[in-house]
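# Structural features, examined
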Amino acid sequence: MGEALRADVAVVGAGPAGVAAACRASESGARVVLLDDNLAPGGQIHRHLPGDAPPPKARPWIDRLWKSGAQVVTAASLFDAEILGEEWRLRAIRGGQVHVVRARRVVVATGARELFMPFPGWTLPGVLGAGGAQALVKSGADLSGKRAVVAGSGPLLLSAAASLTGAGVRVVFVAEQAPLRAIASFGLRLLATPGKLLEGIWYRGAIAGSPCRTGFWVKAAGGEGRVERAHVTNGTRKLEIACDLVCAGWGLVPNLELPRLIGCEISAETVVVGRYQETTRSGVFAAGEVCGIAGAETAVAEGEIAGLAAAGALDENGADARCLFAARARGRLFGEELGKAFALRPEVLALAMPETLVCRCEDVPLSRLAAARSMREAKLATRAGMGACQGRVCGSALSRIRGFSSDSVRPPLVPVPMEALASEEEPT
Amino acid sequence: MRDRMTIRVDGRSVAVARGSTVAAALLGSGVPAFRTSVTGEPRGPLCAMGVCFECRVTIDGRPEERACMTLCRDGMEVLTRG
Amino acid sequence: MSAPRPDVAVVGAGIVGAACAEALAARGLRVEIFESGFPGAGSTGSAMGHLVVLDDSEAQFALSSFSRTLWENRTRELPAEVEDVPSGTLWVAADEEEMAHVRSKAAFYGARGVATEILDSKGVAEAEPNLRPGLAGGLRVPGDRILYPPAAARFLLSRAASGGARIRREEILEVGAGFVRSSAGRTDAGSVVVATGASSPSLLPGLAIVPKKGHLVITDRAPGFCRHQIIELGYLKSAHGGARESVAFNIQPRATGQMLLGSSRELAGFDASVNRSLVARMIARGKEYMPALARLSALRTWTGFRPATPDNLPFIGRWPALRDVWVAAGHEGLGITTSLGTARLLASLIVGEPPPIDPAPFAPDRRRPDA
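Residues numbered from 1 in each chain as written. Chains lettered and ligands numbered in written order. Predicted model: local features only at pLDDT ≥ 70, side-chain atom pairs only at ≥ 80, totals over all residues. Heavy atoms only, no water.

### Brief notes about the nonpolar core
Judged by nonpolar contacts, the single largest core of 51 residues is most densely connected at Leu 24, Val 31, Ile 33, Trp 71 and Val 193 of chain C. Listed by contribution, the elements that provide at least two residues to this core are strand S1 (8-11), helix H1 (15-26), strand S2 (31-34), helix H3 (58-73), helix H6 (149-162), strand S19 (325-329) and helix H9 (335-351) of chain C. Setting aside residues no more than four positions away along its own chain, Val 31 of chain C makes contact with Val 8, Val 10, Ala 21, Leu 24, Ala 25, Gly 164, Ala 165 and Arg 166 of chain C. Formed by 50 residues, the second largest nonpolar core is a distinct cluster that contains Val 227, Ala 230, Val 393 and Cys 394 of chain A. (Core = buried A, V, L, I, M, F, W, Y, C linked by side-chain atoms within 4.5 Å. Buried < 20%, exposed > 50% of the residue type's maximum accessible area, 1.4 Å probe, protein only. Helix = DSSP H or I, 4+ residues; strand = E, 2+ residues; numbered from the N terminus. Contact = heavy atoms within 4.5 Å.)

Structural data, given as structure tokens:
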């Protein structure tokens, strides 16, 4: 039996939003527990190994976190949350043991994951996400000398290509599916946020020497038992590129399993929040990518608002709050522009052939899903979505390919030993 | 340059940088396929963040552990292909 | 030019509605099946799929054994996705009192031609090594089976369609003598069959069916963990008892190698949320019988609603309040098993054939048991 913790505010997710929320809430005098399933705080964007220094951009907030007094619980995967009276009871699994956190306020900052779109050959070993490849390199993978095609959509592509290049990977092609005009107008808007523009230019510099093309997408990966080549096209030109890795990520999708489980209202794949980041569930706040994909700065602003609100400290921080509202508004605009610029083109939504597997956990091809009209029907007819990932990968793809809304979210949010679900008694 | 340690993958010794995840170590040592799918396809990591479950291997006798979420430890025994 | 009037409108494409549609179409009737969600979206989609002969009453035995035989006779016809497996049931006895029950159960089945095998303590341990040592024994019923309910419902619907039945994805809001009505309009039909399970009272006011909520937990693949559907003998106490909440150990090996753990019963209306403390009790009960269960990896918990009646028998027959309206609902935890028998019985009543089993215990206008 693991720990039983009591807090005023429980923050779920230690990415930029969660760390900001935990800092603000704790500094305002609330007892805070911050849960994250990774080995160190920072989320995906500031992923680093425990014991290493955080990346420079993350440093100030993470240093602040360790000084804030918030209790940080890493390597803890949240598997259930329910309201008991006025208190939320969160249960997480950590090293095989159940940890329970009870708190009257919860901040959901569960961030985002990569969107994977099925295409012929995407299940071959060597096909990774773009962020996935970046994460592996940051987790110590020695891929120097390997040839990689980086493809898909969004600013993450260039960031991933830069990380890979820095780690000695030969990035032989970068294919951004969005057309140049969409990115160019996005780039012009970045002039309003010079920091971001510089970042983009830096990435481009970091991968100088790698051909980067807009309006191109990967349409297939080939090889015997592993990736050996990528087929890339712009609709008219076709290129076959020999490679060892295909790093394909098509944008980000928010991790909505926890807010769905809790019963927060969700609209257009975002948690519906009010002025103070409050969700439709009493005592529950949300911040960051779950409120719409809009990058780290927006996440921090929202996290600060949510942390102050959850700790009941907005009044005495009125001036701060006004700055934060402004930052949030700018950030939301950025997020909208991001979404428009990198919207997936119809050709990408149609990459999967009838025999292409859509559900990787249960090996269900697209053809078997033809008759289903909802995710639930697809599940019962084909087992798609019933495997270990419980529809996180195929569900996000199918919502875009077929317009399916997701099935209900049930506990456990991650697979846990049966005995973890039998844990009803906790030490007080 | 990071410290090295040794883990065993399918019976053979592999040197890995201290602080690597098991997935990073396996990929870096040239193991492309970690497991087999329900219809027998070879599979390797996809998301590297604990969401897709494609990187599952047996670690020190515990099956179905996500390699991307597990740090290497000296002397760890990893078995691939489920 | 609109389609000709169907002879029968079947409302509900769960396993019972699908079976009835097939049986009626096979008799040459023009059938239209109305389904508001998708086939098997209701209780069928949450169910365990255990084909079991029960001995809690003569009528229950008659219906369940007749039905089980019908399933056995069709085993070669069932497509692979139905995952029909002759696993058998193992009823386990924890102590001597329950062993006495095992012996009377064996006698009951034996006298009626259902093969069983009494196992002693060593016998159950050999039959299922993951059971805890020290159980008194058990009863093996080798003829019981397991299948996957949504696939079975789809199969029966496809047979109905081959027999000319048409499936319409419409929610029926009202049924009356000679018609059904959806938001799309009214469809006239010679007869109407209501097979909407726990929702049937909304179409047939006064029908004595209440939802009895159950939980199930499915694990990741653990092939070989058990081979039979294993049930504790206390199961029937849970199924028929009046307690607000009860659990009874019940585990099933699915064809995928996953284990499906039940069972719980509670009266909670149609609240589909997971009752964590009841799930905890259910798992604790399971661990008492199979300690190694504790370490299996749980993937998902869900709930479903069994359509329960006051005397634990379904309603199969004419609905007295409306001319030419029939009901086939209220099967509690036996809907999958008894779907085929229900369909044969109902079809015989509708077309005027001699009924295959005595219809009286299932008559919708039968006297209710005293409170």
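### A few points about the pattern of salt bridges
Opposite charge on two side chains permits them to pair, given that their charged atoms come into close proximity. Evaluated as defined, the whole model comprises 63 salt bridges over all chains. Note that Asp 63 of chain A is salt-bridged to Arg 59 of chain A, the shortest N-O span being 3.7 Å. Of the two residues, Asp 63 of chain A and Arg 59 of chain A both sit in helix H2 (residues 59-68), 4 residues apart, roughly one turn of that helix. Linking Arg 103 of chain C and Glu 96 of chain C is a salt bridge whose minimum nitrogen-to-oxygen distance equals 3.6 Å. Looking at Arg 103 of chain C, the relative accessible area reads 42%, which means it is partly exposed. Given a relative accessible area of 52%, Glu 96 of chain C falls into the exposed group. One continuous salt-bridge network, built from bridges that share partners, spans Arg 360 and Asp 363 of chain A together with Arg 35, Glu 41, Arg 43 and Glu 54 of chain B. (Salt bridge = Lys/Arg side-chain N within 4 Å of Asp/Glu carboxyl O.)

### A look at the interface of chain A and chain C
Tallying the contact residues gives 33 residues for chain A and 37 residues for chain C. Viewed at the interface, chain C and chain A are joined by 5 salt bridges. Per-element accounting of the side of chain A that touches chain C gives the leading share, 5 residues, to helix H11 (residues 375-382) of chain A. Looking at the side of chain A that touches chain C residue by residue, the classes come out as 15 nonpolar, 4 polar and 14 charged. Where strand S22 (residues 416-417) of chain A and strand S17 (residues 297-308) of chain C come together, 2 bridges link them in antiparallel fashion. In the sheet register, Pro 417 of chain A faces S17 of chain C, and the bridge partner there is Ser 297 of chain C. (Nonpolar A, V, L, I, M, F, W, Y, C, P; charged D, E, K, R; others polar. Pairing = 2+ DSSP bridges.)

### Regarding unusual backbone geometry
Here the amide bond leading from Pro 411 of chain A into Pro 412 of chain A is cis, since omega sits at 0 degrees, within 30 degrees of zero. Along the chain, the position of Pro 412 of chain A falls in the loop between helix H12 (392-401) and S22. Along the chain, Gly 262 of chain C connects to Ser 263 of chain C via a cis peptide bond; the corresponding omega equals 0 degrees. Secondary-structure assignment places Ser 263 of chain C in strand S16 (residues 258-266). Although it is not a glycine, Ala 75 of chain A adopts a positive phi angle of roughly 55 degrees. Residue placement: Ala 75 of chain A occurs in the loop between strand S3 (71-73) and strand S4 (77-84). Here the phi dihedral of Asp 60 of chain B falls at roughly 50 degrees; this positive angle occurs in a residue that is not glycine. For Asp 60 of chain B, the position within the fold is in the loop between strand S5 (56-59) and strand S6 (62-66).

### Things to note about the confidence of the model for chain C
Per-residue confidence for chain C gives a mean pLDDT of 96; residues scoring 70 or more make up 99%. Per the prediction output, this complex has pTM 0.94; the corresponding ipTM is 0.96. (pLDDT = per-residue confidence, 0-100.)

### Topic: the packing of H1 of chain C against H6 of chain C
Residue and element names in this part refer to chain C. For the pair H1 and H6, interaxial distance at closest approach is 8 Å and the crossing angle is 20 degrees. Judged by the angle between their axes, H1 and H6 are roughly parallel. The element H1 and its partner H6 pack so that their crossing is left-handed. Where H1 abuts H6, its residues Ile 15, Ala 18, Ala 19, Ala 21, Glu 22 and Ala 25 lie against Pro 149, Ala 152, Ala 153, Leu 156, Leu 157, Arg 159 and Ala 160. When its residues are assigned to classes, the contact of H1 with H6 shows 11 nonpolar, no polar and 2 charged. (Axes fitted to C-alpha atoms, helices over the stretch in contact; angles between N-to-C directions. Parallel < 35°, antiparallel > 145°, perpendicular 65-115°, else oblique. Left-handed = near helix turned anticlockwise from the far one by under 90°.)

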